[in-house]
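Chain and residue survey
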Amino acid sequence: VPQALRAPVARRSVLAGTVVVLVLAGTAAAAGGISIGSILPGDDTPGPPEYRQTDETVVALGVDPVIGRWRIVRYRSSELADRGEVLQPAGLPCLKLTLQAPAGGPPIGSRSWCGDRGQGGVAAASLPVRTPDGRVYTLLFGEAPEQAAAVEVANSDGMRRRVRLHEGPAMIESDFWMDVIPRGEPAGETWVEWSGADGRRPGERVDLTLELGQPLTPLGVGAG
Amino acid sequence: MRATVRSIGVVVLCVLAFLVAAASVGASHKYCAWHGDDVGCAEIGNRTVTSCDREPDGHMVRAWYIDNRNFQEHAGAWDMNGSQSGCDSVPVAPSPATAAYVRACEEVVGCSNYVQHRNP
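Definitions and cut-offs
Residues numbered from 1 in each chain as written. Chains lettered and ligands numbered in written order. Predicted model: local features only at pLDDT ≥ 70, side-chain atom pairs only at ≥ 80, totals over all residues. Heavy atoms only, no water. Helix = DSSP H or I, 4+ residues; strand = E, 2+ residues; numbered from the N terminus. Buried < 20%, exposed > 50% of the residue type's maximum accessible area, 1.4 Å probe, protein only. Salt bridge = Lys/Arg side-chain N within 4 Å of Asp/Glu carboxyl O. Pairing = 2+ DSSP bridges. Disulfide = S-S within 2.5 Å. Core = buried A, V, L, I, M, F, W, Y, C linked by side-chain atoms within 4.5 Å. Contact = heavy atoms within 4.5 Å. Buried area = accessible area lost by both parts, 1.4 Å probe.

Structural notes on unusual backbone geometry
All names here are of chain B. In this model, A93 is joined to P94 through a cis peptide bond whose omega is -5 degrees. With respect to the helices and strands, P94 occurs in the loop between strand 6 (88-91) and strand 7 (99-106). Notably, N46 is not glycine yet its phi reads approximately 60 degrees, a positive angle. Tracing the sequence through the fold places N46 in the loop between strand 2 (38-43) and strand 3 (48-52). Positive phi values are uncommon outside glycine, yet F71 reaches one of about 55 degrees. Take F71: it is sitting in the loop between strand 4 (61-67) and strand 5 (73-78). Residue class for F71 comes out exposed when judged on its relative accessible area of 52%.

Considering the pattern of salt bridges
Residues and elements named next belong to chain A. Applying the stated criterion to the full structure yields 15 salt bridges over all chains. Among the ionic pairs, R74 bridges to E143, the shortest N-O distance being 2.9 Å. With a gap of 69 residues between them, R74 in strand 3 (residues 68-76) and E143 in strand 9 (residues 136-145) connect regions that are remote in the sequence. Judged by relative accessible area, which is 15%, R74 ranks as buried. Note on E143: relative accessible area 9%, which makes it buried. Residue D198 is joined to R200 by a salt bridge in which the shortest nitrogen-to-oxygen separation is 3.9 Å.

Some thoughts on the sheet that holds strand 9 of chain A
Residue and element names in this part refer to chain A. Strand order in the open sheet made by the five strands is 12-13-9-8-16, with mixed pairing throughout. Looking along the sheet, the strands with just one partner apiece sit at the ends: strand 12 (165-167) and strand 16 (219-220). Where strand 12 and strand 13 (residues 174-182) come together, three bridges link them in antiparallel fashion. When the sheet's bridge partners are listed, L165 is paired in strand 13 with W177.

A closer look at the sheet that holds strand 3 of chain A
Ordered in space as 1(A)-2(A)-3(A)-6(A)-7(A)-6(B)-3(B)-2(B)-1(B), the nine strands form an open sheet in which the pairing is antiparallel. The outermost strands of the open sheet, each flanked by one partner alone, are strand 1 (39-40) of chain A together with strand 1 (31-35) of chain B. Judged from the seven bridges that link them, strand 2 (residues 56-64) of chain A and strand 3 of chain A form a sheet pairing that is antiparallel. Bridge assignment links V63 of chain A to a residue of strand 3 of chain A, and that residue is R69 of chain A.

Details of the state of the cysteines
Residue and element names in this part refer to chain B. Summed over the entire model, instances satisfying the criterion amount to four disulfides over all chains. In this model C32 forms its disulfide with C41; the gap between the sulfur atoms is 2.0 Å. Handedness here is read from the sign of the S-S torsion; for C32 and C41, about 100 degrees, the answer is right-handed. In chain B, numbering the disulfide-bonded cysteines from first to last in sequence yields the connectivity 1-2, 3-4, 5-6.

Some remarks on the nonpolar core
Residues and elements named next belong to chain A. Within the largest apolar cluster, 25 residues are counted, with the highest numbers of intra-cluster contacts made by I72, L97, L99, L139 and M178. Elements supplying a minimum of two residues to this core: strand 2, strand 3, strand 6 (93-99), strand 8 (123-130), strand 9 and strand 13. For this core, the element with the most residues is strand 8, which contributes four residues. Not counting residues within four places of it along the chain, the set of residues in contact with L139 comprises I67, L97, L99, A125, S126, L127, V129, M178, D179 and V180. Ranked by size, the runner-up nonpolar core spans 19 residues in total, among them A144, V153, L208 and L212.

Some details on the interface of chain B and chain A
Taken together, the contact between chain B and chain A spans 30 residues of the former and 34 residues of the latter. For the pairing of chain B and chain A, the buried interface totals around 2700 Å² over both sides, and the portion due to carbon and sulfur atoms is 56%. Ranking the residues of chain B by area buried against chain A places W34, I44 and M80 of chain B at the top, with a combined share of 23%. Across the chain B-chain A interface, the total number found is three salt bridges. Of the charged contacts, one joins R111 of chain A and D88 of chain B as a salt bridge, the two residues approaching to 2.8 Å between their closest N and O atoms. The sheet contact formed by strand 7 (residues 109-114) of chain A and strand 6 of chain B spans two bridges and is antiparallel. Paired with W113 of chain A across the bridge in strand 6 of chain B is D88 of chain B.

Structure below.
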């Protein structure tokens, strides 16, 4: 590299590095100082969705124009028992999507599950939301194997929608994803599947037909 | 001496009151409806509704509940991993309502009756 070009290149590198640091700092600030890998300590104060029985690890987070701030956390289940039977043992891996209030207030909604999903590491669930103008969207979220290069929502009509993958913390061997889609899309038989870097789909999928066809009551978001 | 006995009595009463209160909180912490071996529960102060599919029959399971604020019926989450270990949960809507009634439903097959939360 000619000497005359070295200084500007170095300056550009420093500038680019500074921009990256500022963007990361801005993201962390927007998330209330919480970043990927942050541990949210558990407490015993009832009152979901802010309630945390055990420590939670932040595995993905972001800001969406429709739903605002969101985050996905990993935690371990507490035992759930009734009539002397254990319905859910303690210690299972759990995943939770939480929607955060715009002004740092308590979370406004969540959806969670515990247990291995058994579809080769790909997992999915939904949370419908209604915006102040009455539009209804479906939040789809889940996890995918570390080797996944892409996750797609697909249906029997040939629709394929590629969702953005979020790299989880180094200590968790999974990637995570979240997507916001208008209610009613996709329709019919619907599933989620992943593909590797070579584009090959191992055929491991999660059926979302019932989840999207008979959804939860939409959660109000975006007010205030 | 009398003051000491009185102090001990007060302490014992306080401990008893605490134990009764703790038992009450525990009793109101969770209640469930069963449909066969499938279960829907209101837990964590009845502010979360959890669906547990425990029958390996291929039928999906979800809890339904009626909130204590508007007394409207709401669908809970489907237990998305079927009868494998683990359940799915959602907070009761509208926040900060609690679940006054809960039932468990199995796709195609049917539902349990609604079970009402009873204050201890």
